[in-house]
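Below, each chain spelled out in residue letters.
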Amino acid sequence: MAHHPNTGQKERAALLSDTYLALSKDTEIWKGSLTHGLRRIARACANAVSVQRASIWQVNPQFSALTCLTLYREDTDRYEQGAALDAHTFPRYFAALANNRVIDASDALTDPRTREFAEVYLKPLGVMSMLDATLRSEGDIKGVLCLEEIGTARLWTREEQTFVASVADLVSQLMVLNTLRNSEIRYRALFDGSGDAIFVVRNGIFIDCNTTAQHMFRCSREQMIGRSPAEFSTPLQPDGMASSDKAMRKIKATLDGQVQSFEWRHRRHDGTTFDAEVTLNAVLLEDTTCVIGSVRDVSDRKQAEQALLQSRQQLEHRATHDALTGLPNRECLHERAIHSITQANFQNRKIAFLLLDLNRFKEVNDTLGHSIGDHLLKEIAARLLQLLDEHDAELYRLGGDEFAVVARAIHSAAEATRLADIINQHLRQPIKVEGISLELGASTGIALYPDHGHNSHAMLRCADVAMYHAKSHGTGIAIYDAEFDSHSPRRLMMVAELGAAIRENQLCLHFQPRIDLGSGRCSGCEALLRWQHPVHGMVPPGDFIPIAEMSDVIHPLSQWVVRNALEHIRNWLRQGIEIPVAVNLSARNLTDRHCPQRIADLLEEYQVPRHLLEIEITESALISDPRRALQVVDQLHELGLKLAIDDFGTGYSSLSYLKRLPISTLKIDRSFVSGMLTDEADDVIVRSTIGLAHSFGLQVVAEGVEDKATLEALRELQCDQAQGFQIARPLPVEQFHHWLAEFSSR
């Protein structure tokens, strides 16, 4: 058998595609004996996928035993048959066949679906990996196509899994056709008992149909026989082609030996229409080549596609709106502000950006609980929305207890201050929550466009500085003043101390592992920055990273993270541990044209395999300067680094960037994952995101997995990887070593 070690991914995919097409057109398979056809298919599969053993098995009607119809062995270039597997001896494997279309056991010795073969089959033969696809017909399992790798474990690619599933369908069709050809009694039983509509065409007209076809087309057998397929079709197909012309082309191609599978718009006898999947095969009946076709109503699938479209729309909405209050979020503010600023420039007017930070909210949250806090936030959002409708102003929730107001009909700073005062008065009105009367005010910072900046990012920064001034000085409301920046002790101190922290080794990395949901192995980890302050103790990342991103200290800070991640990777390699490490880059890094070169220099210094360093970027990191950000991302990809989109679904343009970015992984944000078992919208978003990512050929990592039920649900949805507290919290390096050793020994 020819191996293809130097064949690229595209060439491998082309080889698999060409092999499948060749099998579908091979007249020796479709017109010869079943045994001969199965042998040709098994050998072709072994060659195309480069495995040492390929076999086809048939299950008995009771689904209690499998019998080998043919086994091709590369070492002898011969075929075997007759071996049997009993469901009582191998119950997990039979259960896996019932529940999985494809069994991709990269490590067959440990995979729960195949490990029961270890002692009696896998180890004696040296089989390390198995790739099985079930043969299905009429909704039932008829057997399995099995490919086996000997000697070394093998990670099956998505193209290989698709190929083996497609060939399994081909084998299923061959077995059905063989049954039809060799036994009229069995043919009629299958023909009439099929859940799909089946018809036979000879010389361009129907000569037979089954009961399902009569029900599907709402007519009697007599009303169908003698008529052409085009008469049961709409005049035009969705692609605009005439049904009569297209039908004849499909039939001619089938008679030429090409199996046809396509979608078709049908018209029932009563005039109603429906979409269906049609499969056409040529078959020899009474010495005449006819076309046998099966029609499957795909109305349910179309509804599912519509549901997927709706879920994508929900995903887009969730990307720009706060899940708790329903208010537009920070990304939406920046998006809308572009239009508002353009109008303001045209009309020569101002825009007020107000940043509100609720007073004593953390105290309420900690004392009464998060559910009370959430209820309070929703009540405040409802109050402010009603108020701001009267002032041509929009309300946004930026996160936590921070809200933003963008007021377009503002003519002066005094007018903006009056609006802030009105808002504060409404916030001070008591709110009753579970019998408790609560009063909250807010510290409000105001920035005016164009006085204080020329884009929404600058305006929010100025409003944030003014808000901090109002809070620290007890004024309640403050309009931005450039002097506030120089008189922000907390910010200045934090920036200065961060520089010292980098130089004096006060920083460290914690590592949160992620696991592969198929194999159960640890597939990597995420490096998370921690600051052990000599006075204040452990400083939460949320307290210093945003401040770092507002100053140039973010560049040496990011370089420190990458350097230390590479150092850990190198140390682990010396200990025989090969594990990918993911690091996060900020928006400032993505607009820094020197960033790729700095990382390239570190890679050269540490000389570690580049695929072991993964770069995570958030969608929102792309929006400040998309053109430059995309250039930086492309340069990082050219370095051989794997790239991932972090917090997917919460960013600026979730779907549009997937085609443009050279990414390999998509991480579903924890806000969706944590609620997927209790919130239908979150469940739909998680399901459709996995499907969407897989359609782009991306790996999917679910973040924030905090319980076993969620982990199992993600595994059922064929999510690739997961991380979260259910697996492990972020751990210092010593504890991570201990966890990894313990986890690997399970």
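Above this text sits the structure in question.
These numbers were taken from a predicted model, which means no experiment stands behind them.

Procedures and definitions
- Residues numbered from 1 in each chain as written.
- Predicted model: local features only at pLDDT ≥ 70, side-chain atom pairs only at ≥ 80, totals over all residues.
- Heavy atoms only, no water.
- Disulfide = S-S within 2.5 Å.
- Helix = DSSP H or I, 4+ residues; strand = E, 2+ residues; numbered from the N terminus.
- Polar contact = N/O pair within 3.5 Å; in protein donor to acceptor, adjacent residues only side chain to side chain.
- Contact = heavy atoms within 4.5 Å.
- Pairing = 2+ DSSP bridges.
- Expected span 1.5 Å × (residues − 1).
- Salt bridge = Lys/Arg side-chain N within 4 Å of Asp/Glu carboxyl O.
- Axes fitted to C-alpha atoms, helices over the stretch in contact; angles between N-to-C directions.
- Parallel < 35°, antiparallel > 145°, perpendicular 65-115°, else oblique.
- Buried < 20%, exposed > 50% of the residue type's maximum accessible area, 1.4 Å probe, protein only.
- Left-handed = near helix turned anticlockwise from the far one by under 90°.
- Nonpolar A, V, L, I, M, F, W, Y, C, P; charged D, E, K, R; others polar.
- 1 Å grid on protein atoms, 1.4 Å probe; cavity = no way out; pocket = protein on both sides within 12 Å on 5 of 7 lines; lining within 4 Å.
- Points joined across faces, edges and corners; volume = space filled by probe spheres on them.

*Asks:* Can you explain the state of the cysteines? Please cite residues and give values.
*Replies:* Under the counting rule described, the total for this entry stands at zero disulfides. There is no disulfide at Cys522, and the cysteine sulfur nearest it, in Cys525, is 6.6 Å away.

*Asks:* Let's hear about the side chain of Gln260: which residues, and what values?
*Replies:* Of note, Gln260 is situated in strand β10 (residues 260-267). At 3.3 Å, the side chain of Gln260 and the backbone oxygen of Gln258 are in polar contact. Setting aside anything within four residues of it in sequence, one finds Gln260 in contact with Lys250, Ala253, Thr254, Val278, Thr279 and Leu280.

*Asks:* Break down the pairing of strand β23 (residues 581-584) for me, with residues and values.
*Replies:* Sheet faces and side chains relate simply in a regular strand, where the side chains alternate between the two faces. Here strand β21 (residues 522-533) pairs with β23 via two bridges, running parallel. Counterpart to Cys525 in the pairing with β23 is Val581. Pairing analysis gives four bridges linking β23 to strand β24 (residues 613-618), with the strands arranged parallel. Residue Val583 lies in a different strand from β24, and its bridge partner there is Ile615.

*Asks:* Mind laying out helix α15 (residues 413-428), listing which residues take part and the relevant values?
*Replies:* Counted at 1.5 Å a residue, the expected span for α15 with its 16 residues is 22 Å, and the 23 Å between its end C-alpha atoms agrees. Elements that come into contact with the buried residues of α15 comprise β13 (350-358), α14 (370-388), β15 (402-410), β18 (442-449) and β19 (477-479).

*Asks:* Mind laying out the side chain of Glu616, listing which residues take part and the relevant values?
*Replies:* Within the secondary structure, Glu616 sits in strand β24. A polar side-chain atom of Glu616 sits 2.8 Å from a polar atom in the side chain of Lys667. Excluding its chain neighbours within four sequence positions, the residues that come into contact with Glu616 are Glu526, Ala582, Val583, Asn584, Leu585, Ala644, Asp646 and Lys667.

*Asks:* Requested: an account of the environment of Ser244, with residues and values cited.
*Replies:* For Ser244, the position within the fold is in helix α10 (residues 243-255). Sequence separation of Ser244 and Phe232 is 12 residues, and the distance between their C-alpha atoms is 10.0 Å.

*Asks:* Any chance you could break down the pattern of salt bridges for me, citing the residues and the numbers?
*Replies:* According to the stated counting rule, one finds 36 salt bridges in the structure shown. For Arg12, the salt bridge is made with Glu160, and the minimal N-O distance between the two is 3.1 Å. Residue Arg12 is found in helix α1 (residues 9-25), and its partner Glu160 is found in helix α6 (residues 158-182); the two are separated by 148 residues along the sequence. We note a salt bridge from Arg521 to Asp107, for which the minimum N-O separation is 2.2 Å.

*Asks:* So, the packing of α1 against helix α3 (residues 34-49): which residues are in play, and what are the values?
*Replies:* Where α1 contacts α3, the axes come no closer than 10 Å and their chain directions differ by 170 degrees. As far as their axial angle goes, α3 and α1 are roughly antiparallel. Two secondary-structure elements touch here, α1 through Arg12, Leu15, Leu16, Thr19 and Leu23 and α3 through Arg40, Ile41, Ala44, Ala48 and Val49.

*Asks:* For unusual backbone geometry, give the residues involved together with the corresponding values.
*Replies:* Look at the link from Tyr449 to Pro450: it is a cis peptide, with omega at 5 degrees. Its location among the elements puts Pro450 in the loop between β18 and α16 (456-473). Positive phi outside glycine occurs at Asp77, with the angle close to 55 degrees. You can see Asp77 is positioned in the loop between β2 (65-73) and β3 (78-80).

*Asks:* Lay out the environment of Val102 in plain terms, naming residues and giving numbers.
*Replies:* You can see Val102 is positioned in strand β5 (residues 102-105). Residue classification places Val102 among the buried positions, given a relative accessible area of 15%. In the structure, Val102 is positioned 66 residues away from Ala168 in sequence and 9.8 Å away in space, judged by C-alpha atoms. For Val102, the residues in contact, after removing those within four places along its chain, are Arg113, Leu131, Asp132, Ala133, Gln161, Val164 and Ala165.

*Asks:* Can you break down the sheet that holds β15 residue by residue, with the values?
*Replies:* Read from one edge to the other, the open sheet built from five strands follows the order β14-β15-β13-β18-β19, with strand pairing classed as mixed. Edge strands, defined here as strands with exactly one partner in the open sheet, are β14 (393-399) and β19. Sheet twist, expressed as the mean angle between neighbouring strand axes with direction ignored, is 20 degrees. Summarising the sheet, β13 and β18 pair through eight bridges and their orientation is antiparallel. Counted as the bridge partner of Phe353 is Ala447 from β18. Where helix α12 (residues 330-347) meets the sheet, its contacts fall on β13, β14, β15 and β18, and the angle it forms with β14 comes to roughly 150 degrees.

*Asks:* Help me get a handle on the packing of α14 against α15, residues and values and all.
*Replies:* How two helices sit against one another is set out by the angle between their axes and by the gap between those axes. Two numbers describe how α14 lies on α15: the axes approach to 10 Å, and their chain directions differ by 140 degrees. Overall, the two elements α14 and α15 adopt an arrangement that is oblique. The crossing of α14 and α15 is right-handed. Contacts from Ile380, Arg383, Leu384, Leu387 and Leu388 of α14 reach α15 at Leu419, Ile422, Ile423, His426 and Leu427. Grouping the constituent residues of the contact of α14 with α15 by class yields eight nonpolar, one polar and one charged.

*Asks:* Summarise empty space enclosed by the protein; cite the residues concerned and give the values.
*Replies:* Tallying each qualifying case throughout the model produces two cavities of 30 Å³ or more. Its volume calculated, the largest cavity comes out at about 180 Å³. Taken together, 18 residues form the lining of the largest cavity, with Phe199, Pro229, Trp264, His266 and Val278 sitting closest to its centre. Looking at the lining of the largest cavity residue by residue, the class counts come to 15 nonpolar, two polar and one charged. In this structure, the second largest cavity occupies an estimated 80 Å³ of space. As for the second largest cavity, its lining consists of His555, Ser558, Gln559, Val562, Leu585, Asn589, Asp592, Cys595, Arg598, Ile599 and Leu602.

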